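Summary of the model geometry
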Amino acid sequence: MIFLETARLRLRNVAPKDTDVMYDYRNNEICSRYQRGQVKDHDGIAALIRRRGEDILSADAPFMIAVALRETDEMVGEIVAKPRYDTISLGYTFSWRHHRKGYAFEALSALIDLLQELCPEWGFLCFTDPENEASMALLQKLGYHDLGYLSSMESQVFGKWFHQTARDKTTQAVMAYSSAAEQGNHSSDQERSIHADTQ
């Protein structure tokens with residue numbers, strides 16, 4: 001399923017043909033150095049794609065999206081969204097072969113706009129490694145605010161909202177994530193890596 005298209009990109013379901021591309025960038029140091037909890041072996045990635053290949057874009061459950069070139073449908077990255085605590089956490093990884101082309105900003109801008117229409121009262125969160133300067137710069141370019149360091153998740157937290165109600169929910173969500181992390185209540189696999197150690 002194609003969720004949306006931009007000038008250069010297509011956001012769609014992951015597919016078996018994406019396995020080799022994901023294996024390549026998930027095992028490259030440039031992409032993997034700030035990631036936590038991602039499956040990296042070929043069989044594991046193939047299984048992940050089979051499991052997430054029919055995800056739908058909704059506010060009811062996590063979903064995974066492939067970002068592909070519009071002209072060729074070649075995968076250039078992935079985005080995972082996790083609706084929780086009246087916010088949407090976004091995690092993303094883009095292939096090292098396609099860095100510095102503006103694809104992450106283009107894809108995330110379009111997806112955030114679509115999700116904001118779907119959940120107008122909600123805010124957005126990203127959790128990133130405090131040493132990941134490229135990710136933090138991207139989030140600020142996307143309009144996220146630096147909410148500080150969350151020691152329980154060893155992450156810098158960024159939030160985005162469109163009005164006061166969503167801002168309040170975003171602040172409450174950070175506290176809820178912190179409490180869950182302190183209790184060891186992490187999701188596994190891609191849902192854990194959604195806490196957005198990003199590149």
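The text that follows walks through the structure, step by step, so that each part is easy to find. Starting afresh in each chain, residues are numbered from 1 along the sequence in its written order. In keeping with the model being predicted, local features are shown solely for residues with a pLDDT of at least 70 and side-chain atom pairs are shown and tallied solely at 80 or more, while totals for entire chains, interfaces and linings include all residues. Hydrogens and water are ignored here; the side-chain numbers use all heavy atoms of the structure.

1. Things to note about the pairing of strand E8 (residues 155-160)
Partly exposed residues are those whose accessible area sits between 20% and 50% of the maximum for their type, while under 20% is buried and over 50% is exposed, using a 1.4 Å probe and protein chains only. Per the convention used, a helix needs a DSSP run of H or I reaching at least four residues, while a strand needs a run of E reaching at least two, with both numbered from the N terminus. Of all 6 residues making up E8, 6 are buried, and the element is well covered by its neighbours. With burial as the criterion, each face of E8 is covered, one bearing Ser155, Val157 and Gly159 and the other bearing Gln156, Phe158 and Lys160. For two strands to be treated as a pair, DSSP must find no fewer than two bridges joining them. Relative to E8, strand E6 (residues 123-128) runs antiparallel, the two sharing 5 bridges. Residue pairing across strands places leucine 125 opposite glycine 159, the latter belonging to E8. Relative to E8, strand E7 (residues 145-150) runs antiparallel, the two being bridged by 5 bridges.

2. Some thoughts on the sheet that holds E6
Pairing is mixed in the open sheet, where 8 strands are placed in the order E1-E2-E3-E4-E5-E6-E8-E7. Single-partner strands in this sheet number two, and they are strand E1 (2-5) and E7. Across the sheet, the mean angle from the axis of one strand to that of its neighbour is 25°, orientation sign disregarded. Relative to strand E4 (residues 75-84), strand E3 (residues 63-69) is paired through 6 bridges, and the arrangement is antiparallel. Considered in E4, the bridge of phenylalanine 63 is made with alanine 81. Across the sheet, helix H1 (residues 19-26) touches E3, E4 and strand E5 (87-94), and the angle it forms with E4 is around 85°. Taken strand by strand, helix H4 (residues 103-118) contacts E1, strand E2 (9-12), E3, E4, E5, E6 and E8, and its axis lies near 160° from that of E5. Between N-to-C directions, angles span 0 to 180 degrees; the directions come from axes that are lines fitted to C-alpha atoms, helices contributing only their stretch in contact. A contact between two residues is defined here by any heavy atoms of the two lying within 4.5 Å.

3. A closer look at the packing of aromatic side chains
Any Phe, Tyr or Trp ring, taking Trp's six-membered ring, that has another such ring centre within 6.5 Å forms a pair; planes under 30 degrees apart are called stacked, those over 60 apart edge-to-face, and the others tilted. Summed over all chains, the structure comprises 3 aromatic pairs. When the centroid spacing of 6.4 Å and the interplanar angle of 80° are considered together, the rings of phenylalanine 124 and phenylalanine 162 count as edge-to-face. Highlighted residues: phenylalanine 124 in strand E6 and phenylalanine 162 in the loop between E8 and helix H6 (164-182), separated in sequence by 38 residues. Ring geometry for phenylalanine 127 and tyrosine 177: centres 5.1 Å apart, planes at 65°, overall edge-to-face. A residue pair is termed long-range when its members are at least 10 positions apart, and phenylalanine 127 in strand E6 and tyrosine 177 in helix H6 qualify at 50 residues. Tyrosine 177 matches phenylalanine 127 in its accessibility class, with the two residues each being buried. In our convention, an over-ring charge means Lys NZ or Arg CZ found within 6 Å of a ring centre and within 35 degrees of that ring's normal. Above the plane of the ring of phenylalanine 105 lies lysine 141, whose end atom (NZ or CZ) is 4.5 Å from the centre.

4. Brief notes about unusual backbone geometry
Even without glycine at this site, aspartate 86 takes up a positive phi of about 60°. Its location among the elements puts aspartate 86 in the loop between E4 and E5. The phi dihedral of glutamate 154 falls on the positive side, at around 50°, and the residue is not glycine.

5. Some points on H4
In this model, H4 (16 residues) spans 23 Å end to end at C-alpha, consistent with the 22 Å of a helix rising 1.5 Å per residue. Turning to H4, its buried residues number three or more, namely Tyr103, Ala104, Glu106, Ala107, Leu108, Leu111, Ile112, Leu115 and Gln116. Multiplying 1.5 Å by the helix residue count minus one yields the expected span of that helix.

6. Let's talk about the pattern of salt bridges
Between side chains of opposite charge, a pair can form when the charged atoms approach closely. The working definition used for a salt bridge is a side-chain nitrogen of Lys or Arg within 4 Å of a carboxyl oxygen of Asp or Glu. Per the counting criterion, the structure on display carries 13 salt bridges. Measuring nitrogen to oxygen at the nearest pair gives 3.3 Å for the salt bridge that ties arginine 70 to glutamate 5. Here arginine 70, found in the loop between E3 and E4, pairs with glutamate 5, found in strand E1; they are 65 residues apart in sequence, far enough to count as distant. Connected through shared salt-bridge partners, Glu5, Arg10, Arg12, Lys17, Asp18, Arg70 and Asp73 make up one network.

7. A short note on the nonpolar core
Put simply, a nonpolar core is a bunch of buried Ala, Val, Leu, Ile, Met, Phe, Trp, Tyr and Cys residues held in one set by side-chain atoms that sit within 4.5 Å of each other. By size, the foremost hydrophobic cluster in this structure holds 32 residues, and its most contacted members are Leu11, Ile79, Leu90 and Tyr144. Here this core gets 7 residues from one element, more than from any other, and that element is H4. The contacts of leucine 11, once residues within four sequence positions are left out, are Met1, Ile2, Phe3, Leu4, Ile65, Ala66, Val67, Ile79, Ala107 and Leu111. Within the second largest apolar cluster, 12 residues are counted, among which are Met22, Val39, Ile49 and Ala66.

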